[in-house]
Amino acid sequence: MLQKIRDTWNQPKSLKARRYANVFYDVSWNVLLLTIISVVLIGFLGAGIGAGYFASLVKDMPAPAYKTMTSQINTYSSTSDIYFGSGERIGNYTTDEVRIPVAVDKVSPFVVDALLATEDVEFYEHDGVVPKATLRAILQEATGSEDRTGGSTLTQQLIKNQMLTNEVSFERKAKEILLALRLEKAMNKDEILNAYLNVVSFGRNSMGRNISGIEAAARGVFNTSAEKLTLPQAAFLAGIPKNPFLYTPYYQGGVIKEDVAPAINRMKTVLNRMYVAGKITKKDYDAAYNYDITKDFMKTQSKPRDRYPYVVQWAEEDALIIVRDHMLKQDGVNVNELSAEERKEITNTYGRRAHNALRQGGYKIHLSLDKQVHESMQQPARNVNNFGPNNSPNVDPDQGPEQTAAIMLDNKTGRILGFVGGRYVNGKADDFNRARLMERQIGSTAKPLLVYANAIEKGLITTDTVIIDEEYKYQNGTNPNTISVRNEDRGYRGPMTARDALKLSRNVPAVKIYEEQGDFRNDTEKLIQMGMNVPDDTRDAPSMALGVSSVSLASLASGYAMLANGGEHVEPYIIDRVEYQGEVIYEKNPKKTRIYSDRTAYLIVDMLRDVYTSGTATYANSLLNVPGDWMGKTGTTQDIRDSYLVGSTPGVTLAVWTGYDKENGLTDGGAYGRYYQRTQGMWSKIANNVYLDRPEVFNSNARFVQPASVRAGDFGDSGSFSEKKKVEEKKKEEEAKKKAEEEAKKKEEAEEKKQEAEEQKQEAEEEKQEADAAAKEKAAADAKAKAEADAKKKAEADKKKAEEEAKKKAEAEKKAEEDKKKEDAEAADGA
């Protein structure tokens, strides 16, 4: 049939047929030619219109310089990290996005192959844009197709993330294309890939935080580094960027999704594309395809604030101030030259900038804390048996449980090695860091720092100066008798040495010494130099001797570290240094201030040794398993609202507080024991725990060394204290009284002896009379007995004689009878 048509066409049999054939050929050719010309013209027109439209979309966008583009592409947020002073990483500065920059050569090749096979297979061939892919994506967008294959290269995705927005529009797409072409000229392929790996979103990690960058993804999902990712792990992560919300294995809280099938299917798709692209073998593909990736998922992790709530809070707040001040210094802003209102506004503005910088700037915050020390300190605060009742009787139930706080710092450097911000109720801590933020009255712990040290420094007393513990009242201006000073036991012990008065924490001697110095302003200045808060209206109050001022626990601990440090105070701190982009922008250089001479410091230390051996801290000493040269002081505030024990070795100082957040009295006695036993028990348990893990921090083999400035006379009863004469007079009175008492006693004893002699003489006479009477009675008794015996003997003799006579008479009568019978017989015979 076809051959017949071909023959007819080539050799028409009639003129008419040939004419029709020619006409048809001419028309067909012209139509075809016209069609080709029309298509070409329409193509040029479309291209022109497209080019014009493209130009109109980007006409207002200036072409950025290559250097500017490179800088903007490589500027991405990097999470700030917090580290223990011993080197262990604590976690991130609080933020919802975690990013850990990593170089592309430190990333597993599986990751690179998986991303390129999935996201941009022609990455190393194109110039930033793949036209056919872009045209396909545009047509799909224009027609509303449900099958979206995507048209963005890695370069375009990087431009969208770093220089543009996520807005869906042709204008944004046009800018993206233009900038991608330009970026390919500003950066090489490896640099673009490196930036992409650190920018792209990978969903959420096991803490529920957003993760950006492959290193954060590897750590947050599989608990490994990007360099060590296996093939199935790399394929799983490479599939997430297409739809992070759908493919991430975790919910916002860090809980693993019940259904991770979409993510696993996506992983299998990635593996298939790697196999098709020739990046893996069939054997590798099959093994990875059948691998149970869910067993590699990290379990839900607690956030750093959950694991170390007080640590992260303290670190972040101090770091914020450090970075803020660094920014102010960089900008040449001196806040001291500003008005109060301007200063507040400027510091607030820079504070916000510092906060944003810490969330996104990749700072490294290195703390002074020793991880082992800090964690060991927490254990006693977790044990409910170490505390009293939640509330005192008849107290507002909102008061909360009995609380505690503790802090341990290095005496020489001021480094805070560990602390307890509060107790753990049901295993959880609250948001209030008592070790840092709480300021409370410090009770008798103020006595060594304010009263005795100043008095020794001024030559008013020495360790054995005698003070009279007696009924006494505070002075009030020129009036010496106002409010009574009471000791805790409500009793008085008379004359006693300063050493004994301090170790037993007697209030009256402390007030007497403080008032006699009469230099309240200069004395309290010592506390201010040590960072303690002393309100101006209390600086002239003699009650300061008993510690009425409110002080933070860190400041209190640093005061005792000052004594242990030979009188030199070192400012306590928790942030050792801050690094930014490899540069140290802050390093702590602790402020050191000479407060007291080494002589004064040592004499106080020597007195405070007795607190543990025979003073108010003997209970703590009985529980303490940490050897060493210990010195310290207890403290209690009015109505037992606060209880303290601060103790130091040559190495460290440990301060512990117990009380209620609302200042109510502690329960004393009953099932919970004495209040001071709970405080001292907490102190000893913390010290013992730390010693088990880090014994070297205590420097237990060392002793407080007596400096050459200390003389033998410093341990005698010397000084200018005014009660010395009074003590001597009192001593003479007591001696005279004692002598009179002794003489009276001797006289009384002589009288007693005389009376005793008389009584003995009388007793002798009475005894003689009694003896004579007894002798007479005995003689009479003997005579009577003899008479009775004689009478009895005579009676017996008379009886015997009578019996014998009766016998003889009977015998005679018998004989007579016999004789008569005989006579009668003879008479009869004779008859």
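Because the structure is a prediction, the values reported are computed rather than measured.

A. Main features of helix 21 (residues 507-517). Counting buried residues along helix 21, 10 of its 11 residues qualify, which places the element largely inside the surrounding structure. Positive backbone phi, at 60 degrees, marks glycine 518, one or two positions downstream of helix 21.

B. Quick peek at the sheet that holds strand 5 (residues 210-212). With mixed pairing, the three strands of this open sheet are ordered in space as 3-5-4. One side of each edge strand has no neighbouring strand; the edge strands of this open sheet are strand 3 (97-99) and strand 4 (201-204). On average, each strand axis in the sheet is tilted by 25 degrees relative to the strand beside it, whichever way the strands run. Direction of pairing for strand 4 relative to strand 5: antiparallel, over a ladder of two bridges. If you follow serine 201 over to strand 5, its bridge partner there is serine 212.

C. Molecular detail of the confidence of the model for the protein chain. The pLDDT averaged across the protein chain works out to 83; a share of 84% of its residues lies at or above 70. Within the model, pLDDT remains below 50 along residues 46-61, and this stretch shows 14 contacts once partners closer than five positions in the same chain are excluded. Long-range and interchain partners of residues 145-149, a stretch whose pLDDT sits below 50, account for seven contacts in this model, where long-range means more than four residues apart.

D. Region of the structure containing the environment of arginine 678. If you trace the backbone, arginine 678 turns up in helix 26 (residues 675-693). The class for arginine 678 is buried, based on a relative accessible area of 8%. A distance of 2.7 Å separates the side chain of arginine 678 from the backbone oxygen of threonine 667, its partner in a polar contact.

E. Examining the sheet that holds strand 17 (residues 583-587) more closely. The strand order 2-1-6-16-17 describes an open sheet built from five strands, whose pairing is mixed. On the outer flanks of this sheet lie strand 2 (89-92) and strand 17, each paired with one strand and no other. Across the sheet, the mean angle from the axis of one strand to that of its neighbour is 20 degrees, orientation sign disregarded. Where strand 16 (residues 575-580) lies against strand 17, four bridges are found, and the strand directions are antiparallel. Pairing of glutamate 579 across the sheet is with valine 584, part of strand 17.

F. Layout of the environment of threonine 413. Considering the arrangement of structural elements, one finds threonine 413 in the loop between strand 7 (403-410) and strand 8 (416-420). Accessibility expressed as a relative area gives 30% for threonine 413, which makes it partly exposed. Put simply, threonine 413 and proline 590 are 177 residues apart on the chain and 7.0 Å apart in space, counted from C-alpha to C-alpha. Setting aside residues no more than four positions away along its own chain, threonine 413 makes contact with Val570, Glu571, Tyr573 and Pro590. Engagement of the side chain of threonine 413 in a polar contact is seen with the backbone nitrogen of arginine 415, the distance being 3.2 Å.

G. Seen up close, the side chain of aspartate 370. Structurally, the position occupied by aspartate 370 is in the loop between strand 6 (363-367) and helix 17 (371-382). Under the relative-accessibility criterion, aspartate 370 is labelled buried at 9%. At 3.1 Å, the side chain of aspartate 370 and the backbone nitrogen of valine 373 are in polar contact.

H. Examining helix 4 (residues 109-119) more closely. Within helix 4, eight of the 11 residues are buried, which leaves it mostly tucked inside the rest of the structure. Of all the residues in helix 4, the buried ones are Val111, Val112, Ala114, Leu115, Leu116, Ala117, Thr118 and Glu119. Contacts from the buried residues of helix 4 go to helix 6 (154-162), helix 8 (189-199), helix 9 (214-222), helix 10 (231-239) and helix 12 (261-276).

I. The arrangement of the pairing of strand 16 in detail. Two strands pair when backbone bridges link them, and strand 6 and strand 16 are joined in this way by five bridges, in the antiparallel orientation. The partner of leucine 367 across the bridge, within strand 16, is isoleucine 575.

J. Structural detail: a negative patch on the surface. On the surface, Glu748, Glu749, Glu751, Glu752, Glu756, Glu758, Glu759, Glu763, Glu765, Glu766, Glu767 and Glu770 cluster together to form a negatively charged patch. On the secondary structure map, glutamate 767 appears in helix 27 (residues 723-830).

K. Geometry of the packing of aromatic side chains. A complete count under the given rule lists 17 aromatic pairs for this structure. Where phenylalanine 84 meets tyrosine 308, the ring centres are 5.3 Å apart and the plane angle is 85 degrees; that geometry is what we call edge-to-face. Pair noted here: phenylalanine 84 is in the loop between strand 1 (81-83) and strand 2 and tyrosine 308 is in the loop between helix 14 (304-307) and helix 15 (309-330), with a separation of 224 residues, a long-range link. Grouping residues by exposure puts phenylalanine 84 and tyrosine 308 together as buried.

L. Spotlight on unusual backbone geometry. At asparagine 223, a position not held by glycine, the phi torsion is positive, near 55 degrees. In this structure, asparagine 223 sits in the loop between helix 9 and helix 10. Look at asparagine 699: it is not a glycine, yet its phi comes out positive at around 55 degrees. When you line up the elements, asparagine 699 lands in the loop between helix 26 and helix 27. Taking the relative accessible area as the measure of exposure, asparagine 699 reaches 37% and is therefore partly exposed.

M. Here's a closer look at the pattern of salt bridges. Per the stated rule, a full pass over the model turns up 38 salt bridges. Between glutamate 525 and arginine 539 there is a salt bridge; the shortest N-O distance is 3.0 Å. Of this pair, glutamate 525 sits in helix 22 (residues 520-529) while arginine 539 sits in the loop between helix 22 and strand 14 (550-552); the two residues are 14 residues apart in sequence, bridging distant segments of the chain. Of the residues examined, glutamate 525 reaches a relative accessible area of 28% and is grouped as partly exposed. What makes arginine 539 buried here is its relative accessible area of 11%. As a salt-bridge pair, aspartate 714 and arginine 599 come within 3.0 Å of each other at their nearest N and O atoms. With aspartate 714 in the loop between helix 26 and helix 27 and arginine 599 in helix 24 (residues 598-613), the pair connects residues that are 115 residues apart, well separated along the chain. Through salt bridges with shared partners, a single ionic network connects Asp464, Arg499, Asp606, Arg609, Asp610, Asp629 and Arg703.

Thresholds applied
- Residues numbered from 1 in each chain as written.
- Predicted model: local features only at pLDDT ≥ 70, side-chain atom pairs only at ≥ 80, totals over all residues.
- Heavy atoms only, no water.
- Buried < 20%, exposed > 50% of the residue type's maximum accessible area, 1.4 Å probe, protein only.
- Helix = DSSP H or I, 4+ residues; strand = E, 2+ residues; numbered from the N terminus.
- Pairing = 2+ DSSP bridges.
- Axes fitted to C-alpha atoms, helices over the stretch in contact; angles between N-to-C directions.
- pLDDT = per-residue confidence, 0-100.
- Contact = heavy atoms within 4.5 Å.
- Polar contact = N/O pair within 3.5 Å; in protein donor to acceptor, adjacent residues only side chain to side chain.
- Patch = residues over 30% accessible without salt bridge, like charges linked within 9 Å, V, L, I, M, F, W, Y side chains within 5 Å.
- Areas by Shrake-Rupley, 256 points an atom, 1.4 Å probe, with all protein chains shown as cover.
- Salt bridge = Lys/Arg side-chain N within 4 Å of Asp/Glu carboxyl O.
- Lys, Arg positive; Asp, Glu negative; His and termini not counted.
- Charge placed at Lys NZ, Arg CZ, Asp CG, Glu CD.
- Phe/Tyr/Trp six-rings, centres within 6.5 Å; stacked < 30°, edge-to-face > 60°.

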